[in-house]
Amino acid sequence: MTTLLTVLVVAIFVAMLVGFYQMQRKHVKFSTRVFTGLGLGIVFGGLLQLLLGNGSTVITQAMDWIGIVGNGYVSLLQMLVMPLVFISIVGAFTKMKSSSKLGEISANVLFVLLATTAIAALIGIAAVMIFGLDGATFTRGAAESARISELTERQEMVQNFSIPQQILAFIPTNVFADFAGTRPTSTIGVVIFAAFVGVAYLGVKRKAPKEAEFFANLIESLYKVIMRIVTLVLRLTPYGVLALMTNVLATSDFEAIVNLGKFIVASYAALIAVLLVHSLLLILVKVSPVNFFKKAFPALSFAFTSRSSAGTLPMNIETQTKALGVDEATANFAGSFGISIGQNGCAGVYPAMLATIVAPTVGVNVFDLQFIIMLVAIVTISSFGVAGVGGGATFASLIVLGAMNLPVAIVGLVISVEPLIDMARTAVNVSGSMVAGVVTSERIHELDREVLNDKEASIEANS
């Protein structure tokens, strides 16, 4: 009977996949297909949970098969991270009209990303205090215990890192190993190597224009090929979202979610507050937040459903250049840096909230100004090198908690609601990088306000 039910569940899932394929053939809008996948996944997974019960053997076996689609999609996104980061940053150099603005672009993008991350950390601390979560305890089940054991092993990789050692760890010693993602800081290592390649290109451009032109054409060709690969992967998004959401709802412990309900509400409140900060920054450079978020919605909605900052990079850059009027060099820098530096949601709000929640359990006064200043500083520095696809928030939290000498168990205790919060965190990450692009482009006087104010200038991923 178990096998028969498992086959039935998988067959229903396959039927839904066929339905999405038919929608694609009929050229239904990409965003419509993605949100349909999100909704169906929630309904299907929820029904499985209600009908078969949490921990059902049928669900476990069915999720192994459904996971081929969901986990396979995530793996393909992870496959694209390093090539995307490298080619986008080098491409930013080759597309730069004037090398004299290189330092100004980089400094402004980094300043906005890091400043907003520091503010996001303060908002995370405030959210915990406002919702009375400081010192809160959460239910610890089998899944949480297993997660805590895993995190304890992972923390050994970073627990002895001082801040100088952490900074030193960003520097690549074997770029091929970093392309393979062998270190927790591999992403930032690739960013640094790409920057060196770009600077070297500018030097060659001055002394050997012919060779530089050949290199620029080569990079442009590689960029187009990689973007084509990205398009092929993004076409799988509705299928991946359906599988991932089905798995989340079918395997989640609803009692644990209810237990962590206050934490979820506090997290979303903090993330919404960060978006308000983004709006204030836009107002300061005379950009309408309503216009910005309307045009950014396709990219932000994709980030929300896919939970991948890196996977959103192509849409991120395209939105900045074609809908928001950001110059190409700035858009590439902001989009690429935003994958691994200063992620407002994953590296700002989340670690700060966890540290503030757990601090009172070891006798730390979270209202102490010294604690707040140190936490914000460590969160900001630790925001370097956070990966753009899954696990970045966990890695950032481990570094922050380790640097503050706080227990890491809290990271494992919120595993039940991690996917629910991660969707919003990812959207905030992408919003932050796009805001950095708009603000920087305005500051260097390259923002095309005709494109920005053109209601017809928008993007839709018709993948």
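Cut-offs and rules
- Residues numbered from 1 in each chain as written.
- Predicted model: local features only at pLDDT ≥ 70, side-chain atom pairs only at ≥ 80, totals over all residues.
- Heavy atoms only, no water.
- Helix = DSSP H or I, 4+ residues; strand = E, 2+ residues; numbered from the N terminus.
- Buried < 20%, exposed > 50% of the residue type's maximum accessible area, 1.4 Å probe, protein only.
- Contact = heavy atoms within 4.5 Å.
- Patch = residues over 30% accessible without salt bridge, like charges linked within 9 Å, V, L, I, M, F, W, Y side chains within 5 Å.
- Areas by Shrake-Rupley, 256 points an atom, 1.4 Å probe, with all protein chains shown as cover.
- Salt bridge = Lys/Arg side-chain N within 4 Å of Asp/Glu carboxyl O.
- Lys, Arg positive; Asp, Glu negative; His and termini not counted.
- Charge placed at Lys NZ, Arg CZ, Asp CG, Glu CD.
- Axes fitted to C-alpha atoms, helices over the stretch in contact; angles between N-to-C directions.
- Parallel < 35°, antiparallel > 145°, perpendicular 65-115°, else oblique.
- Left-handed = near helix turned anticlockwise from the far one by under 90°.
- Nonpolar A, V, L, I, M, F, W, Y, C, P; charged D, E, K, R; others polar.
- Phe/Tyr/Trp six-rings, centres within 6.5 Å; stacked < 30°, edge-to-face > 60°.
- Lys NZ or Arg CZ within 6 Å of the ring centre and 35° of its normal.
- Polar contact = N/O pair within 3.5 Å; in protein donor to acceptor, adjacent residues only side chain to side chain.
- pLDDT = per-residue confidence, 0-100.
- Expected span 1.5 Å × (residues − 1).
- Core = buried A, V, L, I, M, F, W, Y, C linked by side-chain atoms within 4.5 Å.

### Describing the overall build of the protein
In terms of regular secondary structure, the protein is built from 21 helices and zero strands. Counting across all 463 residues of the protein, residues that qualify as buried make up 55%. Pairs at least 24 apart in sequence give 84% of the contacts found in the protein among residues at least 6 apart.

### Side note on a negative patch on the surface
Where like charges cluster on the molecular surface, the negative patch consists of D448, E450, D454 and E456. Within the secondary structure layout, D448 lies in the loop between α20 (418-443) and α21 (449-453).

### Some remarks on a nonpolar patch on the surface
On the surface, a cluster of nonpolar side chains totalling about 520 Å² of accessible area is made up of V43, L47, L50, L51 and F254. It is helix α2 (residues 30-52) that contributes the most residues to the nonpolar patch, four residues altogether. Along the chain, L47 turns up in helix α2.

### Looking at the packing of helix α3 (residues 57-94) against helix α14 (residues 313-322)
Helix-helix packing is characterised by the crossing angle of the two axes and by the distance between the axes. Direction vectors running N to C along α3 and α14 enclose 25 degrees, while the axes themselves pass 11 Å from each other. Overall, the two elements α3 and α14 adopt an arrangement that is roughly parallel. Contacts between α3 and α14 pair L84, V85 and S88 from the former with L313, P314 and I317 from the latter.

### What about the packing of α2 against helix α10 (residues 237-251)?
The geometry of α2 relative to α10 is characterised by a closest axis approach of 7 Å and an angle of 25 degrees between their N-to-C directions. On the basis of the axis angle, α2 is roughly parallel to α10. Relative to α10, the crossing made by α2 is right-handed. Its residues assigned to classes, the contact of α2 with α10 shows 13 nonpolar, eight polar and one charged.

### What about the pattern of salt bridges?
The full count for this structure, using the stated rule, is six salt bridges. Residue E442 is joined to R449 by a salt bridge in which the shortest nitrogen-to-oxygen separation is 3.1 Å. A relative accessible area of 25% places E442 in the partly exposed class. Through salt bridges with shared partners, a single network forms among R307, E418, D422 and R425.

### A few points about the packing of aromatic side chains
Inspection of the entire model under this criterion finds 10 aromatic pairs. Their ring planes at 5 degrees and their centres at 6.2 Å tell us that F35 and F297 sit as a pair that is stacked. A residue pair is termed long-range when its members are at least 10 positions apart, and F35 in helix α2 and F297 in helix α13 (residues 289-306) qualify at 262 residues. Under the relative-accessibility criterion, F35 is labelled partly exposed at 33%. Every member of this aromatic cluster is reached through a ring pair, and the members are F86, F179 and F193. Its end group placed over the ring of Y350, R425 keeps NZ or CZ at 4.2 Å from the ring centre.

### Thoughts on the side chain of K295
Mapped onto the fold, K295 is located in helix α13. Look at K295: it is buried, it has no salt bridge, and the nearest opposite charge is D454 at 6.0 Å. Separated by 2.8 Å, the side chain of K295 and the backbone oxygen of V451 make a polar contact. Separated by 2.7 Å, the side chain of K295 and the backbone oxygen of D454 make a polar contact. Excluding its chain neighbours within four sequence positions, the residues that come into contact with K295 are T319, A323, L324, V451, L452, N453, D454 and A457.

### A closer look at the confidence of the model for the protein
Per-residue confidence for the protein gives a mean pLDDT of 85, with 89% of residues at or over 70. Mean pLDDT across the elements of the protein bottoms out in helix α5 (residues 142-155) (57) and peaks in helix α12 (residues 261-284) (95).

### Let's talk about helix α16 (residues 344-358)
If you check α16, its first and last C-alpha atoms are 21 Å apart, about what 15 residues at 1.5 Å a residue would give, namely 21 Å. In terms of burial, α16 is a largely internal element, 15 of the 15 residues being buried.

### Considering the nonpolar core
Residues F93, F292, F333, F337, M434 and V438 are the most contacted members of the largest nonpolar core, which totals 78 residues. The element that contributes the greatest number of residues to this core is α3, accounting for 13 residues. For M434, the contacting residues outside a window of four places in its chain are F292, A296, A299, L300, N316, T319, Q320 and L324. Within the second largest apolar cluster, 48 residues are counted, among which are A127, V128, A266 and V349.

### Here we look at the side chain of T94
In this fold, T94 is placed in helix α3. The buried category is assigned to T94, whose relative accessible area is 16%. For T94, the residues in contact, after removing those within four places along its chain, are Y201, F215, A216 and I219.

### Points about the environment of V28
Inspection of the secondary structure assignment puts V28 in the loop between α1 (2-25) and α2. When its relative accessible area of 27% is taken as the criterion, V28 is described as partly exposed. Residues within four places of V28 in sequence aside, it is in contact with M23 and R33.

### Things to note about α2
In this model α2 runs 32 Å from its N-terminal to its C-terminal C-alpha over 23 residues, within 8% of the 33 Å that 1.5 Å per residue would give. All of the buried residues in α2 are F30, S31, R33, V34, G37, L38, G41, F44, G45, G46, L48 and Q49. Of the residues flanking the end of α2, it is G53, one or two places downstream, whose phi is positive at about 90 degrees.

### Structural notes on unusual backbone geometry
A positive phi angle, near 60 degrees, is found at H27, a position not held by glycine. Structurally, H27 is set in the loop between α1 and α2. The phi torsion at K286 lies on the positive side, around 60 degrees, for a residue other than glycine. Residue position: K286 is located in the loop between α12 and α13. Given a relative accessible area of 72%, K286 falls into the exposed group.

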